[in-house]
Amino acid sequence: MNGGVRCDGARRAFLGLGSNLGDRWEHLRGAVAGMPDVVEVSTVYETAPVGGPEQGPYLNCVVRLETDLSPRALLELCRERERVAGRLRRVRWGPRTLDVDILWVDGESVDEEDLTVPHPRMYERAFVLIPLRDVAPDLVDEIPGDTAANDIVSVGPLTGTTGV
Ligand code: X6L
Ligand code: MG
Ligand code: MG
């Protein structure tokens, strides 16, 4: 069913990706290409940085997986993609080649020291909500007022990632 992607136990998982250092497109493209079970990728948005030191604009997108990986296994996947992109952790909320966060996994709720699902701040951040709405309109009922449009610009699709 579903093109052979959905297997027993598989459910939707949404990951948020961001990059504002180096070849931003290539970091996003490489991350998605190396990810299992991806079935949909949002439009890519260029977004003004939020929090942290002065830094350059981000490219953000959200991917939808149909997967039976546990939240813990997904976290390992996120860390692996960041490592492959050469991410260094210097300044808190500072510029990064690649950030991959678990936003939501259907039916899963985790509250551990290093892993919280759903993401506790996903509903506060337009750079998450706007791409999330592309691939999960049911999770994003509405986006309040004008926080949306101004500092978030739709750039286009991330091509060459899923073979679709
Ligand atoms: C007050 C204090 C208000 C802190 C906001 C918000 C801090 C978001 C960190 C905050 C605060 C964050 C991205 C980003 C970051 C990204 C864009 C973070 C962690 N990641 N800005 N800033 N895209 N546009 O992916 O989300 S740092
Ligand atoms: Mg993040
Ligand atoms: Mg992160």
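Values in this document were obtained by computation on a predicted structure and should not be read as measured data.

(A) How the structure looks around the site of ligand 1. Taken together, Thr47, Ala48, Pro49, Val50, Gly51, Tyr58, Asn60, Trp93, Arg96, Arg125 and Phe127 make up the full set of residues near ligand 1. One nitrogen or oxygen atom from the side chain of Thr47 is found 2.7 Å from a nitrogen atom belonging to ligand 1. One of the backbone N or O atoms of Ala48 is found 2.7 Å from a nitrogen atom in ligand 1. Protein chains bury 73% of the 570 Å² of accessible surface belonging to ligand 1 in isolation.

(B) Layout of the coordination of the magnesium ion (ligand 2). Every protein donor of the magnesium ion (ligand 2) is accounted for by Asp99 (OD) and Asp101 (OD), and the metal-donor separations fall at 2.1 Å. Separating the magnesium ion (ligand 2) from the magnesium ion (ligand 3) is a gap of 3.7 Å, bridged by Asp99, which donates to each.

(C) Structural context of the nonpolar core. Residues Leu15, Leu17, Leu28, Met35, Val63, Leu65 and Ile102 are the most contacted members of the largest nonpolar core, which totals 26 residues. For this core, the secondary-structure elements that each account for two or more residues are strand S1 (11–19), helix H1 (24–33), strand S4 (58–67), helix H2 (71–84), strand S5 (99–105) and strand S7 (115–117). Leave out the neighbours within four places in its chain, and Ile102 touches Phe14, Leu15, Pro71, Leu74, Leu75, Cys78, Leu115, Val117 and His119. Counting 16 residues, the second-largest nonpolar core is a separate cluster that includes Val62, Met122, Leu132 and Ala136.

(D) The packing of aromatic side chains, seen in detail. Within this structure, the stated rule accounts for zero aromatic pairs. The residue whose ring lies beneath Arg92 is Trp93, and the NZ or CZ to ring-centre distance is 4.2 Å.

(E) Looking closely at the pattern of salt bridges. On inspection of all chains with the given rule, the structure shows 16 salt bridges. Between Glu46 and Arg24 there is a salt bridge, with the nearest N and O atoms lying 2.8 Å from each other. Note that Glu46 is positioned in strand S3 (residues 44–47) and Arg24 in helix H1, a separation of 22 residues in sequence. Exposure remark for Glu46: the relative accessible area of 28% places this residue in the partly exposed category. The shortest N-O distance in the salt bridge between Glu66 and Arg64 comes to 2.9 Å. Pair check on accessibility: Glu66 and Arg64 agree, each one buried. Residues participating in the shared-partner salt-bridge network are Arg72, Glu76, Arg79, Glu112 and Asp114.

(F) Region of the structure containing the coordination of the magnesium ion (ligand 3). Within the protein, Asp99 (OD) and Asp101 (OD) serve as the donor atoms for the magnesium ion (ligand 3), at 2.1 to 2.2 Å. On the basis of relative accessibility, which here comes to 26%, the residue Asp101 falls in the partly exposed class.

(G) How the structure looks around unusual backbone geometry. With omega at 0 degrees, the peptide bond leading from Val117 into Pro118 counts as cis. Summarising the element assignment, Pro118 is placed in the loop between S7 and helix H3 (126–135). Although it is not a glycine, Asp37 adopts a positive phi angle of roughly 70 degrees. With respect to the secondary-structure elements, Asp37 resides in the loop between H1 and strand S2 (38–41). The phi dihedral of Trp93 is positive, around 60 degrees, even though this residue is not glycine. In this fold, Trp93 is placed in the loop between H2 and S5. On the basis of relative accessible area, Trp93 is assigned to the partly exposed category, the value being 48%.

(H) Quick look at the side chain of Asp99. Its location among the elements puts Asp99 in strand S5. Of note is the side chain of Asp99, whose polar atom sits 3.0 Å from the side chain of Arg87. Among residues more than four places away in sequence, those in contact with Asp99 are Gly16, Leu17, Gly18, Glu82 and Arg87.

The rules behind the values
- Residues numbered from 1 in each chain as written.
- Chains lettered and ligands numbered in written order.
- Predicted model: local features only at pLDDT ≥ 70, side-chain atom pairs only at ≥ 80, totals over all residues.
- Heavy atoms only, no water.
- Near = heavy atom within 4 Å.
- Polar contact = N/O pair within 3.5 Å; in protein donor to acceptor, adjacent residues only side chain to side chain.
- Areas by Shrake-Rupley, 256 points an atom, 1.4 Å probe, with all protein chains shown as cover.
- Donors = N, O, S within 2.8 Å, 3.2 Å for Na, K, Ca; no water.
- Core = buried A, V, L, I, M, F, W, Y, C linked by side-chain atoms within 4.5 Å.
- Buried < 20%, exposed > 50% of the residue type's maximum accessible area, 1.4 Å probe, protein only.
- Helix = DSSP H or I, 4+ residues; strand = E, 2+ residues; numbered from the N terminus.
- Contact = heavy atoms within 4.5 Å.
- Phe/Tyr/Trp six-rings, centres within 6.5 Å; stacked < 30°, edge-to-face > 60°.
- Lys NZ or Arg CZ within 6 Å of the ring centre and 35° of its normal.
- Salt bridge = Lys/Arg side-chain N within 4 Å of Asp/Glu carboxyl O.

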